[in-house]
Amino acid sequence: MNTIFIVTEANATVATGHLMECIVCAEELMESGYDVSFWINDDMEEGLKKRIPCMFWEYHISIENDYEMLLKEICKTHPNAVLFNLRELSEKFSKICRKAIDKTISIICIDEFGHRNLQADIIVNPMIDSYYWNYGESDARLFCGAQYLFLAKDTNRFHKMKKIIKEDIGNILISMGGVDPQNYTIFLVREIPICFPDAEINIVLGGGNKKRGDIYRKAEGSARIRIYENISNMPEMIYHADLIICAGGNTLHEAACVGTPAIVLPSMPHEVRTARCFADGGFGCVINVENNLRDKLWEACENMRDYSVRRRMSDKGKGLSDGLGLKHVMDIIKTI
C-alpha cells in the first residue's frame, strides 16, 4: 500500500486553511487506497483535531524545533512521500529534511510565499499572484497558480451550477478566516446590519478566533444574525449567499469559484496581493483597510447594490477558478 505522511499546523496565529487543505487531500488519498497519517502541532484546538480523518502524531508547537520523531518514523516506515503544508517552511529546515530523508522518498511542499530555495522534489504553490512563484535555484518540479489550490469537493459542484444573482441582496455571509487577526468580524457585526437592514446575515467563525465571546454578545438579540462554527458545508453557504464579505484567503477562492460577489478585507500583506489579482481579473471589491475603514466599507456596499456589478463579478469569478485544484494535485501525487 502507498503511504503518505502529511505535516501541517493550525493554532492561534496560523489560520486553519493549511489544515483544512490537508484534510481534503487526505480524504481523497484514502479513498484512492493510500495509507495516510498526519503530523500536527500539539497546541492545535481540540475541535480541529477531531476533524482529522486518520491517525495523527503530535509535535510540540513547531515541527522545525521538534522534528526528531518525524524523521525517525520516516526512516522506520519509509513512506512513498512526505507532504509539508505549513505557514512557511524555512529553507534551512527543508535542507535538514532532504539530507535526512532517503532520496527514494519524495518530499512535497505546499507553499505560498516562494522566494526561498526549498529542497524538495515537488513544490505546489497555489497563489494566484506570480510574484510568489520564485524558488531560486531549487530543482523541484514546480506547479504554480490558483488552479492548484485545494478546495472542498463540493466547490466544483457548485461551480457547475448556475449562480442566481438577485436584484436585491437578502443573504449576506461573513467569513474572515480561521483566525481573523484584525478582529474585523466584530466591526462587521456592527456595520453590516445597518448597511443592509433587511438582509439575513450568516457569520462563520474560524477555529482560531479569540473574540468569539465578544462576537456572540454583539449579535445577541438580533433575529437576522446567525453564527456558525465547525461547519462542513461552506461551499453551499457561499453559493446561497447574495454577497460574501471575506479575507483574502481560501474563502475568496471559493467565492470566485461558485460566483458569489465578494467584498474583501485582507488581513495579511499577501492577502492584499491575492485580492488585487482577483480584482484585476474582475472579481471582488477590495477595501484598503489602512484608514477610513467604515467609509470604505459603506462605499463598497453601496456599489454592490447594483445588480449589474454583481452579475459581471459573478461571471468573472467563475472564469478565474474551477475548484479542481485537489484533482490537479492528486494527479501529481499519483505519479510518484
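Scroll up a little and you will see the structure.
The model shown is predicted, which means the values in this text are computed figures rather than measured ones.

J.: How do you make sense of the packing of aromatic side chains when you look at a structure like this?
T.: Two measures describe an aromatic ring pair: the distance that separates the ring centres and the angle between the ring planes. Scanning all chains against the criterion turns up 9 aromatic pairs. Relative to Y132, the ring of Y131 has its centre 5.0 Å away and its plane inclined at 85 degrees; by these criteria the two rings are edge-to-face. A relative accessible area of 7% places Y132 in the buried class. Each residue in the set F5, W39 and W57 is aromatic and connected to the rest through ring pairs, giving one cluster. Here R157 stacks its cationic end above the ring of F158, 4.5 Å away from the centre of that ring.

J.: Please clarify how the layout of surface pockets should be interpreted in this entry.
T.: To find leftover empty space, a probe the size of one water molecule is rolled over the atoms. There is about 210 Å³ of room inside the second largest pocket. Surrounding the second largest pocket, 13 residues form its lining, P266, V272, N288, V289 and E290 being those nearest its centre. Here the residues of the lining of the second largest pocket sort into 8 nonpolar, 3 polar and 2 charged.

J.: Teacher, can you tell me more about the sheet that holds strand β11 (residues 243–246) here?
T.: The strands that make up a sheet pair up through hydrogen bonds in the backbone, lying either parallel or antiparallel. Spatially, the 6 strands line up as an open sheet ordered β10-β9-β8-β11-β12-β13, and their pairing is parallel. Either end of the sheet is taken by a strand with one partner, and the two such strands are β10 (225–229) and β13 (285–286). Relative to β11, strand β8 (residues 171–175) runs parallel, the two being bridged by 4 bridges. Bridge assignment links L173 to a residue of β11, and that residue is I244.

J.: Looking at this model, I keep getting lost on the side chain of T16. Mind explaining?
T.: Relative to the helices and strands, T16 resides in the loop between β1 (3–8) and α1 (17–31). With a relative accessible area of 13%, T16 lands in the buried category. In this structure, T16 is in contact with A10, L48, G178 and G207, ignoring residues within four places of it in sequence.

J.: Quick question: what am I supposed to make of the sheet that holds strand β2 (residues 35–41) here?
T.: With parallel pairing, 7 strands are arranged side by side in an open sheet as β3-β2-β1-β4-β5-β6-β7. With partners counted over all chains shown, the strands left at the sheet margins are β3 (56–59) and β7 (141–144), one partner each. Mean inter-strand twist for the sheet, computed between neighbouring axes without regard to direction, equals 15 degrees. Pairing between β2 and β3: 4 bridges, direction parallel. Residue pairing across strands places N41 opposite Y59, the latter belonging to β3. Its contacts with the sheet put α1 on β1, β2, β4 (81–85) and β5 (106–110), and the angle it makes with β2 is roughly 165 degrees. Where helix α3 (residues 68–77) meets the sheet, it contacts β1, β2, β3 and β4, and its direction lies at approximately 170 degrees from that of β1.

Calculation notes
Residues numbered from 1 in each chain as written. Predicted model: local features only at pLDDT ≥ 70, side-chain atom pairs only at ≥ 80, totals over all residues. Heavy atoms only, no water. Phe/Tyr/Trp six-rings, centres within 6.5 Å; stacked < 30°, edge-to-face > 60°. Buried < 20%, exposed > 50% of the residue type's maximum accessible area, 1.4 Å probe, protein only. Lys NZ or Arg CZ within 6 Å of the ring centre and 35° of its normal. 1 Å grid on protein atoms, 1.4 Å probe; cavity = no way out; pocket = protein on both sides within 12 Å on 5 of 7 lines; lining within 4 Å. Points joined across faces, edges and corners; volume = space filled by probe spheres on them. Nonpolar A, V, L, I, M, F, W, Y, C, P; charged D, E, K, R; others polar. Pairing = 2+ DSSP bridges. Helix = DSSP H or I, 4+ residues; strand = E, 2+ residues; numbered from the N terminus. Contact = heavy atoms within 4.5 Å. Axes fitted to C-alpha atoms, helices over the stretch in contact; angles between N-to-C directions.

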